[in-house]
Amino acid sequence: MIRFALSCEQEHSFEGWFRNNDDFDGQKARHLIECPVCGSAKVDKALMAPSVNTSRRQSVRQEQDSGSETVTLAQGDEQRKAMQELRNLTHKMRANSEYVGDKFADEARKIHDGERDQRNIYGEATVDEARALMDEGIDFMPIPVFQEDHN
């Protein structure tokens, strides 16, 4: 996965993760990338500082590899509002979907192949399972997990 710094026409800055540059270009062409602040689909890559290996970055990478990834975001009023809207949307998506746990990839594949009735589902998938679903052309999207979801 590649992390791109992105910016919308209103000059709001945010980040996005993509399999590769072609994945970004394809999603942009289909207007699938939107600014989380204003909703604009006019998004371009912004300049991004290069990644420099330091002992701090190595310890963060080890934490990420061990599955205990931590992301910190300093929030202003606009970011807080956008995060609340994202929380509300995530809650609504979960409330209107069936939880399938770690069987997400298998169940999504069965729905896609017509072996199961069409319905909204959510659950967990490994990175390899998610890549396989993308390669097979099965539409899905990650939904955020918020700190309060663990309580």
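Quick caveat: nothing in here was measured; it's all calculated off a predicted structure.

Visitor: Talk me through the packing of aromatic side chains; I want residue IDs and the actual numbers.
Guide: With the rule as written, the count across this model stands at five aromatic pairs. Between F4 and F24, the ring centres sit 5.7 Å apart and the planes meet at 70°, which makes this aromatic pair edge-to-face. With F4 in strand 1 (residues 2-8) and F24 in helix 1 (residues 21-29), the pair connects residues that are 20 residues apart, well separated along the chain. Accessibility assignment for this pair places F4 and F24 in one class, buried. With a centroid separation of 5.2 Å and 55° between ring planes, the pair formed by Y99 and Y122 is classed as tilted. Separated by 23 residues along the polypeptide, Y99 in strand 4 (residues 98-101) and Y122 in strand 5 (residues 121-123) bring together distant segments of the chain. Exposure remark for Y99: the relative accessible area of 46% places this residue in the partly exposed category. The class of Y122 is partly exposed, set by a relative accessible area of 21%. An aromatic cluster is present here, built from F4, F18 and F24 joined pairwise through their rings. If you follow K45 out to its NZ or CZ, it ends over the ring of F4, 4.6 Å from the centre.

Visitor: Account for the pairing of strand 1, with residues named and values stated.
Guide: Within strand 1, five of the seven residues are buried, which leaves it mostly tucked inside the rest of the structure. Note that strand 1 and strand 2 (residues 13-18) share six bridges and pair antiparallel. Bridge pairing in strand 2 links I2 to F18. Pairing geometry for strand 1 and strand 3 (residues 43-45), over three bridges, is antiparallel. Opposite L6, over in strand 3, you have K45 as the bridge partner.

Conventions used here
- Per-chain numbering applies: the sequence of each chain, read as written, is numbered from 1 onward.
- Since the coordinates come from a predicted model, pLDDT governs what is reported: local features require at least 70, and pairs of side-chain atoms require 80 or more to be given and counted, while whole-chain, interface and lining totals use all residues.
- Values reported for side chains reflect all heavy atoms of the structure, with hydrogen atoms and water molecules removed beforehand.
- Stacked, tilted and edge-to-face are the three classes applied to pairs of Phe, Tyr and Trp rings, where Trp contributes its six-membered ring and a pair requires centres within 6.5 Å; stacked means planes under 30 degrees apart, edge-to-face means over 60, and tilted covers the rest.
- The helix and strand labels rest on DSSP assignments: H or I over at least four residues marks a helix, E over at least two residues marks a strand, and numbering proceeds from the N terminus.
- Only protein chains enter the accessibility calculation, which uses a 1.4 Å probe. A residue is then buried if its area is under 20% of the maximum for its type, exposed if over 50%, and partly exposed in between.
- The rule is short: NZ of Lys or CZ of Arg within 6 Å of the ring centre and within 35 degrees of the ring normal puts a charge over the ring.
- Pairing between strands is defined by DSSP: at least two bridges between the two strands are required.

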